Every structure is written in C-alpha cells, then in structure tokens.
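Examination of the molecular architecture
This is what each chain is made of:
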Amino acid sequence: MPIVLVRLDDRLIHGQVTVKWAHKVNPDRIIVVNDQVAQDPIAKMTLPLAAPAGVKVSILSVNDAVSEHNSNKWDKEKVFIIVKTPFDALGLVKGGVRFDWLDVGQLGYKEGRKHVTRTVSLSEDEAKALKEVSDMGIKLIYQQLPEDKAVNFLEIIKKHFNL
C-alpha cells in the first residue's frame, strides 16, 4: 500500500485531518491504529463519519494493521495512517510497516507528560518510543498543518529528555 502520510494525533479523525491533511495527501483510505480504539464500538461507529466523503476508514489494532499491511490488502490504495500514541507507531515499525516519516501532530497534556511544543506533550516513555522509531530509520517531524514548515522533532525531544 502506498502510505501517503503517517500522523501521530490523539484526536484521530478531526477537522485538521479532514480539511487540511486529507485534502493535501488525497487518500483512498484512512487507517486509525490503536488497540483501545479498535475495541471501542462507539469510536468505530463515529470516526468514519468524520472522514472526508468518499474516503474509506479502517480502525485497527496495531497487530491487525501490521497483518493487513504485510498481506498487501490495500496495495492499490493511497493510505493515510493515524496513530494515537507513540507506542502505536513503534508497533507498526517493529511489525514491518515502512514509511519515510512520522508527523508528530498532537498529544495533549496529562499527568506525567511535559510540554515539548505548543500541541505536543510527552512522557519519558513516549519520548523513548519515538526515539526508537527514529533509530529504526523513520524521520520524525512536527508539522501541524501542510502549509507549516516541517521541524525536526527528534531535536525537540533531545532538548527535553536525556535520551
């Protein structure tokens, strides 16, 4: 499957994704990858409603996404993958899903996380997971919107964590 974008965004399918990113990369399918969301019947019913018209939506666990990728299920589709956590991204890469870069878009603040950008907060374990993704050859960028300049997210992590 040609992967046109992989984005880390805990909001999953929402306005920025629907209006800006999907318009920019023109996917045939959006795949939301997260074990908890894949088990949530309400999310599975509502998330496809937020997708752009004509774009198919799959909501998969990390293992199912790896299996479907490795079986070439969507070979003829342009795919936009949205992961909810750094651990989801790491699971994809460890499972053999290859892509050039990960756009770290949004991870809201909660207890145990540090603000590292205006829209991203990370725990130390999340920072380590992203560093591991980078160590496996995936470039990490921070780019809120397609018209924004992409910034090296690994450098941002290094400013806030001793990894």
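Structure: above.
Residues numbered from 1 in each chain as written. Predicted model: local features only at pLDDT ≥ 70, side-chain atom pairs only at ≥ 80, totals over all residues. Heavy atoms only, no water.

1. Overview of the nonpolar core
Which entries qualify depends on this criterion: Take the buried Ala, Val, Leu, Ile, Met, Phe, Trp, Tyr and Cys residues and link them wherever side-chain atoms come within 4.5 Å; each set so joined is a nonpolar core. The cut-offs for exposure are 20% and 50% of the maximum accessible area for each residue type, with area from a 1.4 Å probe on protein chains only; residues under the lower value are buried, those over the upper are exposed, and the others partly exposed. Throughout, a contact is declared for two residues whenever any of their heavy atoms are within 4.5 Å.
Formed by 36 residues in total, the largest nonpolar core has its most connected members in Leu 102, Leu 122, Leu 130 and Phe 153. Contacts of Leu 102, omitting those with residues within four sequence positions, involve Val 6, Arg 7, Leu 8, Val 83, Ala 89, Leu 130, Ile 138, Lys 139, Leu 140 and Ile 141. Core analysis: the second largest hydrophobic core is formed by 16 residues, Ile 13, Val 17, Ile 59 and Phe 80 among them.

2. Quick word on the pairing of strand E2 (residues 29-33)
Rules: Runs of H or I in DSSP of at least four residues are treated as helices and runs of E of at least two as strands, each being numbered from the N terminus. Two strands make a pair as long as DSSP finds a minimum of two bridges between them.
Taking burial as the measure, the five residues of E2 include five buried ones, the bulk of the element. Taking every second residue as pointing to the same face, both faces of E2 are buried, with Arg 29, Ile 31 and Val 33 on one and Ile 30 and Val 32 on the other. Direction of pairing for E2 relative to strand E3 (residues 56-60): parallel, over a ladder of five bridges. Its bridge partner being in E3, Val 32 is matched across the sheet by Ile 59.

3. Points about the packing of helix H5 (residues 86-94) against helix H6 (residues 124-135)
Heads up, the condition is: Each axis is a line fitted through C-alpha atoms, taken for helices only over the stretch in contact, and angles between the N-to-C directions span 0 to 180 degrees. An angle counts as roughly parallel when it lies under 35 degrees, as roughly antiparallel when it exceeds 145, as roughly perpendicular when it falls between 65 and 115, and as oblique in every other case. Whether a crossing is left-handed or right-handed is set by the direction in which the near helix is turned from the far one by less than a right angle, anticlockwise for left-handed and clockwise for right-handed. Charged residues are taken to be Asp, Glu, Lys and Arg, nonpolar residues to be Ala, Val, Leu, Ile, Met, Phe, Trp, Tyr, Cys and Pro, and polar residues to be all remaining types, Gly included.
Relative orientation of the contacting elements H5 and H6 amounts to 30°, with a least axis distance of 9 Å. Taken together, H5 and H6 sit at an angle that is classed as roughly parallel. Viewed along their axes, H5 and H6 form a crossing whose handedness is left-handed. Side by side, H5 and H6 meet where Pro 86, Phe 87, Ala 89, Leu 90, Val 93 and Lys 94 of the first sit next to Asp 125, Glu 126, Ala 129, Leu 130, Glu 132 and Val 133 of the second. Here the residues of the contact of H5 with H6 are counted per class, giving eight nonpolar, no polar and four charged.

In short, shape yes, function no, at least from these values alone.
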